[in-house]
Amino acid sequence: MEPTNTANPDYFHRVVDCQWACPAHTDVPAYIRLIAQGRYGDAYMLNRETNVFPGILGRVCDRPCEPACRRGRVEETPVAICRLKRVAADLREDISARLPRAPAVKNGKKVACIGAGPASLTVANDLVPLGYEVTVFEALAKPGGLMLSNIPAFRLPETVIAEEIGYIVGTGVDLRLGERVASLKKLLDSRRFDAVFIGSGAPKGKELSLPGRKESDRIHIGITWLESVAFDHIKTIGERVLIIGVGNTAMDCCRTSLRLGAKDVKVMARKPRGFFKASEWELEDAEAENVA
């Protein structure tokens, strides 16, 4: 018999349903056992081997692991895997000394990352300890990408984002805030970098052709509106708000509207609830705040 190869993700498909369902194949059973033993720092570091933002994902992950949880075969609800990730992040001790560090002698290779969102930051996290010199260019004044600009602060506090990004930047990343890369050709022609990673994301919502859409200043694209709220460009909203669409962005929009002073917030969908794209827990949170 061949030895078990746990490096092959297909292994988890056969034996650990939750770990297989996780896009990062995080070792869910192991870190939950560590939490049960009160070893929160160890649980955090085990999480960090496969995703570098445990505290962030513990608050906002879409939890594909939980519908796959085998507990659901015998109980009404699965293990609260996502929330346990947050438990490990919130209750851990100082783990700074356990984080990767840049070697004293570099390997002579330089890498540019465009955008300071989760993709580029993960690249930097993985490359700096290997001796690469990594420069991250960010057009905005703060790093974080959509984590910062499109997830409301009441769900994901900026302090959590700053802390986990700080762990990565602290390894020796050259973070250039407020520097937009306007020409990829110009950057490549400069010969300053051996490789360029484009992590600029896809920050654009879906447009909807409505009569009067172009003439009105009261119709907003959800993802753009949330960014305007995050950077204090929008601080108020009317008393009656209608959200068209029922994804997780819509849930963030309706709950944010309430916090900006809206009194009557409704979400409109074309299909019955069983077809909604929003996660069930997102819908429950919105309904708990009296969103119709």
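Refer to the structure presented above.
The structure reproduced in this document is the subject of the present report. For every chain, the first residue of the written sequence is number 1, and numbering continues from 1 along that sequence. Under the rules for a predicted model, residues below a pLDDT of 70 receive no local features and side-chain atom pairs below 80 are neither given nor counted, while totals for whole chains, interfaces and linings still include all residues. Calculated side-chain values reflect all of the structure's heavy atoms, with hydrogen atoms and water omitted.

1. Things to note about helix 7 (residues 81-91)
Moving on, step 1. Burial status follows relative accessibility: with a 1.4 Å probe on protein chains alone, a residue under 20% of its type maximum counts as buried, one over 50% as exposed, and anything between as partly exposed. The secondary structure listing takes helices from DSSP runs of H or I that are at least 4 residues long and strands from runs of E that are at least 2 residues long, numbered from the N terminus. Along helix 7, the residues classified as buried are Ile81, Cys82, Lys85, Ala88 and Ala89. Buried residues in helix 7, looked at end-on, bunch into an arc of 115°, giving them a common side.
Moving on, step 2. In what follows, a contact means two residues having at least one pair of non-hydrogen atoms within 4.5 Å. For helix 7, the secondary structure elements touched by its buried residues are helix 2 (17-21), helix 3 (28-36), helix 4 (40-48), helix 5 (54-60) and helix 6 (65-68). Directions are taken from the helix axis to each C-beta atom, and the arc is the one they span.

2. Regarding the packing of helix 3 against helix 4
Moving on, step 1. The N-to-C vectors of helix 3 and helix 4 enclose an angle of 165°; their axes lie 7 Å apart at closest approach. By the criterion of interaxial angle, the relationship of helix 3 to helix 4 is roughly antiparallel. In the crossing of helix 3 with helix 4, the sense of the turn from one axis to the other is left-handed. Contact with helix 3, carried on its side by Ala30, Tyr31, Leu34 and Ile35, involves Tyr40, Asp42, Ala43, Leu46 and Asn47 of helix 4 and no other residues of that element.
Moving on, step 2. Side-chain classes follow a simple rule in which Ala, Val, Leu, Ile, Met, Phe, Trp, Tyr, Cys and Pro form the nonpolar group, Asp, Glu, Lys and Arg form the charged group, and the remainder, Gly included, forms the polar group. Here the contact of helix 3 with helix 4 is composed, by residue class, of 7 nonpolar, 1 polar and 1 charged. Note on geometry: axes are lines fitted to C-alpha atoms, helical ones only across the stretch in contact, with angles between N-to-C directions running from 0 to 180 degrees. Oblique is the label for any angle not covered by the other classes, which are roughly parallel (under 35 degrees), roughly antiparallel (over 145) and roughly perpendicular (65 to 115). Should the near helix be turned counterclockwise from the far one by less than a right angle, the crossing is left-handed, whereas a clockwise turn marks it as right-handed.

3. Things to note about the packing of aromatic side chains
Moving on, step 1. For Phe, Tyr and Trp, rings pair up if their centres lie within 6.5 Å, where Trp contributes its six-membered ring, and each pair is then called stacked (planes under 30 degrees apart), edge-to-face (over 60) or tilted (otherwise). On inspection of all chains with the given rule, the structure shows 1 aromatic pair.
Moving on, step 2. Charge over a ring is defined by NZ of Lys or CZ of Arg lying within 6 Å of the ring centre and within 35 degrees of the ring normal. The residue whose ring lies beneath Arg63 is Trp281, and the NZ or CZ to ring-centre distance is 4.2 Å.
Moving on, step 3. A cation over an aromatic ring shows up here: Arg259 above the ring of Phe154, its NZ or CZ 3.7 Å from the ring centre.

4. Considerations on the pairing of strand 5 (residues 240-244)
Moving on, step 1. Taking every second residue as pointing to the same face, the buried face of strand 5 carries Val241 and Ile243, while none of Arg240, Leu242 and Ile244 on the other face is buried.
Moving on, step 2. Between any two strands, at least two bridges found by DSSP are needed for them to pair. Note: strand 5 against strand 6 (residues 264-268), 5 bridges, orientation parallel. Paired with Ile243 across the two strands is Val267, which belongs to strand 6.
Moving on, step 3. Assessed by its sense of winding, the connection that carries the chain from strand 5 through helix 13 (residues 248-259) to strand 6 is right-handed. By convention a crossover is right-handed if, when the strands point away from the viewer, the path from the first strand over the helix to the second runs clockwise.

5. Considering the sheet that holds strand 2 (residues 133-138)
Moving on, step 1. Spatial strand order, 3-2-1-4: 4 strands in an open sheet with parallel pairing. Every other strand in the sheet has two partners, leaving strand 3 (174-177) and strand 4 (195-198) as the edge strands with one partner each. Strand-to-strand, the axes of this sheet are offset by a mean angle of 20°, without reference to chain direction.
Moving on, step 2. As defined by bridge partners, strand 1 (residues 110-114) adjoins strand 4 across 4 bridges and the pair is classed as parallel. Across the sheet, residue Cys113 finds its bridge partner in strand 4, namely Phe197.

6. Focus: the nonpolar core
Moving on, step 1. If you look at the biggest cluster of nonpolar residues, it comprises 22 residues, and the most contacted ones within it are Phe53, Ile56 and Leu156.
Moving on, step 2. Those elements that place two or more of their residues in this core are helix 5, strand 1, helix 8 (118-127), strand 2, helix 9 (146-149) and helix 10 (158-169).
Moving on, step 3. Among the elements that take part in this core, helix 10 stands out by supplying 4 residues, more than any other.
Moving on, step 4. Contacts of Ile56, omitting those with residues within four sequence positions, involve Met147, Leu156, Val160, Ile161 and Glu164.
Moving on, step 5. Core analysis: the next-biggest nonpolar cluster, separate from the first, contains 18 residues, Leu226, Cys254, Leu260 and Ala286 among them. We call a set of buried residues a nonpolar core when its members are Ala, Val, Leu, Ile, Met, Phe, Trp, Tyr or Cys and they connect through side-chain atoms within 4.5 Å of each other.

7. A short note on the environment of Gly72
Moving on, step 1. Residue position: Gly72 is located in the loop between helix 6 and helix 7.
Moving on, step 2. Here Gly72 falls in the partly exposed class, since its relative accessible area comes to 41%.

8. Regarding unusual backbone geometry
Moving on, step 1. The phi dihedral of His25 falls on the positive side, at around 55°, and the residue is not glycine.
Moving on, step 2. Along the chain, the position of His25 falls in the loop between helix 2 and helix 3.
Moving on, step 3. The phi dihedral of Asp232 is positive, around 65°, even though this residue is not glycine.
Moving on, step 4. Within the secondary structure, Asp232 sits in the loop between helix 12 (222-230) and strand 5.

9. A few points about a nonpolar patch on the surface
Moving on, step 1. Nonpolar side chains (Val, Leu, Ile, Met, Phe, Trp, Tyr) within 5 Å and like charges within 9 Å form the patches, drawn only from residues with over 30% relative accessible area and no salt bridge. Each accessible area is a Shrake-Rupley result for a 1.4 Å probe, and residues are judged covered by the shown protein chains and nothing else. By convention in these notes, a salt bridge is any Lys or Arg side-chain nitrogen within 4 Å of a carboxyl oxygen on Asp or Glu. A cluster of nonpolar side chains, contributed by Leu208, Leu210, Ile219, Leu242, Ile244 and Met268, occupies part of the molecular surface with about 500 Å² of accessible area.
Moving on, step 2. One can find Leu210 in the loop between strand 4 and helix 12.
Moving on, step 3. According to the relative accessible area criterion, Leu210 is partly exposed, its value standing at 33%.

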